Amino acid sequence: MAAMAALRALRAPLLKTRLRGFGTAEFPEEKPQFPGASAEFAERLEFIQPNVISGIPVYRVMDRQGHILRQSEDPQLPKELVLKLYKTMTLLNTMDRILYESQRQGRISFYMTNYGEEGTHVGSAAALDDTDLVFGQYREASSCTGGTRWICSWRSATGTARTRAKGGRCRCTTAAASGTLSPSRRPWPRRSLKVPLPSSRCRRSPLFARDPDHPGALSAVGAAYAIKRADANRAVICYFGEGAASEGDAHAGFNFAATLECPIVFFCRNNGYAISTPTSEQYRGDGIAARGPGYGLLSIRVDGNDVFAVYKVTREARRRAVAENRPVLIEAMTYRIGHHSTSDDSSAYRSVDEVHYWDQQDHPISRLRHFLLRRGWWDEEQEKGWRESSRRMVLESFSAAERLPKPAPQLLFTDVYRELPLHLRRQRGALQQHLRRYGQHYPMELFETGGDPPIAGPEPSPVQP
Ligand SMILES: Cc1ncc(C[n+]2csc(CCOP(=O)(O)OP(=O)(O)O)c2C)c(N)n1
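Notes on the structure in this doc start here. (Residues numbered from 1 in each chain as written. Predicted model: local features only at pLDDT ≥ 70, side-chain atom pairs only at ≥ 80, totals over all residues. Heavy atoms only, no water.)

### Focus on the overall build of the chain
Phase 1: Assigned secondary structure in the chain consists of twelve helices and eleven strands.
Phase 2: Counting across all 465 residues of the chain, residues that qualify as buried make up 49%.
Phase 3: For the chain, the share of sequence-separated contacts (at least 6 apart) that also reach a separation of at least 24 residues comes to 71%.
Phase 4: For the chain, the accessible surface area stands at approximately 23300 Å², while carbon and sulfur atoms represent 54% of it. (Helix = DSSP H or I, 4+ residues; strand = E, 2+ residues; numbered from the N terminus. Buried < 20%, exposed > 50% of the residue type's maximum accessible area, 1.4 Å probe, protein only. Contact = heavy atoms within 4.5 Å. Areas by Shrake-Rupley, 256 points an atom, 1.4 Å probe, with all protein chains shown as cover.)

So this is what it looks like as structure tokens:
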């Protein structure tokens, strides 16, 4: 009994202190000690309103007429670089028109344009270093810009279009009803796949393209973690749309990047639509940037139609990601003027007036053109000349690509698994048998023979029906 009384006497003051100090201003020394929070106690029951973090401002450097708004924010890019940005954006636009038309003519099977998003692609790509790793979604496919090796491709069951432009030159390889490019004979040392695993590699700066939603985030974070461990002074940039940001992998990627302190820039192109789903149905918070602080990411929202702002933001994000080993989230606000892809008809879910507004009033190319004209760095004649020569460049590249043989059919089975699983080995065997038997019914002379080195594992016989 005496022992119990002593214990009670010992505990009483402690309990008293805790109760008295619980959340009151009188006892500020009492802080929550929970391992998962760094905050104060609250004494009023209050839910956090979702609009507490809302209205994150949109950083811009130029207005819609191409005026620099604040001299201190002017990136002061040299004339050559600004012209390169402009030429790349317009080249991309030309390439989109030609490839979109060629899909309509049945010369390639599928294409995705970048209309209206030229500023986000080109501004961000220009801000990267040559050796950075780029994880594109798919709409970055045909983008490129000076300094950044930029290649992206995709393959579908029936075909692919593959483009690359670099240093003002444009290469465009497409092969209807095919998809891959053999490493030995084509400019690209590796092929890439559509879903879900990325595997495209450019000479110095690998780019992984994926479709889309959003298995790339985790691979990108893994790559960034590896870079950090190797102390490689490189960054990873991972592109995705606001639609892809709804996928679980995006969230897991944000969290891993923050907790593992990875040098990665998450670049969200918020173009208003995920196929037919408008942003109003995609999320209820303040876009994608508002999610960043929740994961502990340095975050910013930028006007994606202002190529200078995109460049500046990406450059600084990249610098901080590498210097501080910390992930950064950029949300670039823009508008998808084109249909989602050649399989889509956006007139079914949005008005022509809406599209017209962005095309006429807030276009990244016209904004930069206004700037250039005002500076006296560009004129109508140069514009006409460049339009013609860039068109010729794309057309020449396109027809050169069309003359290339289509990749060997068995390449369908490569580049995902190091060792081909049984069911795919069976399918590969079935394809081989089918072509041996019925090959004369296919235009096999249009295809390359051979393929990759043999894949590990015995070739099982196809499953009998
Ligand atoms: C996991 C998964 N779900 C759905 C799709 C079908 N899909 C292809 S593109 C796309 C929309 C993606 O929109 P967004 O990420 O906003 O990029 P945007 O096309 O606007 O550039 C969808 C739903 C997919 N490819 N993968």
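### Details of the environment of N305
Phase 1: Mapping N305 onto the fold places it in the loop between β10 (298-303) and α8 (307-324).
Phase 2: If sequence neighbours within four positions are ignored, N305 has contacts with G116, M333, T334, W358, D362, P364 and R367.
Phase 3: Side chain to side chain, N305 and T334 meet in a polar contact 2.9 Å long.
Phase 4: Polar contacts involving the side chain of N305 include one to the main-chain carbonyl oxygen of D362, which spans 3.1 Å. (Polar contact = N/O pair within 3.5 Å; in protein donor to acceptor, adjacent residues only side chain to side chain.)

### Observations concerning helix α4 (residues 216-230)
Phase 1: In a regular helix each residue adds 1.5 Å, so 15 residues correspond to 21 Å; α4 covers 21 Å between its end C-alpha atoms and thus fits that length.
Phase 2: All of the buried residues in α4 are G216, A217, A220, V221, A223, A224 and I227. Looking straight down α4, one finds that the buried residues subtend no more than 160 degrees of arc, so they occupy a single side. For α4, the exposed residues lying more than 90 degrees away from the buried face are R229 and A230.
Phase 3: Looking at the buried residues of α4, the elements they touch are β1 (133-136), β6 (236-241), α5 (248-259) and β7 (264-270). (Expected span 1.5 Å × (residues − 1). Arc of directions from axis to C-beta.)

### With respect to the packing of aromatic side chains
Phase 1: Throughout the structure, instances matching the rule amount to 13 aromatic pairs.
Phase 2: Judged by centre distance (4.9 Å) and plane angle (75 degrees), the rings of F254 and F266 are edge-to-face. Note that F254 is positioned in helix α5 and F266 in strand β7, a separation of twelve residues in sequence. Comparing F254 with F266 shows no difference in burial state: the two are buried. (Phe/Tyr/Trp six-rings, centres within 6.5 Å; stacked < 30°, edge-to-face > 60°.)

### Considerations on the pairing of β7
Phase 1: For β7, the buried fraction is high: seven of the seven residues fall into the buried class.
Phase 2: Relative to β7, β6 runs parallel, the two being bridged by six bridges. Residue pairing in the sheet places Y239 in a bridge with F267 of β7.
Phase 3: With α5 bridging β6 and its parallel neighbour β7, the resulting β-α-β unit is right-handed.
Phase 4: As paired elements, β7 and strand β11 (residues 328-333) share six bridges and run parallel to each other. Following the sheet pairing, V265 is matched in β11 by V328. (Pairing = 2+ DSSP bridges. Right-handed = clockwise from strand over helix to strand, strands pointing away.)

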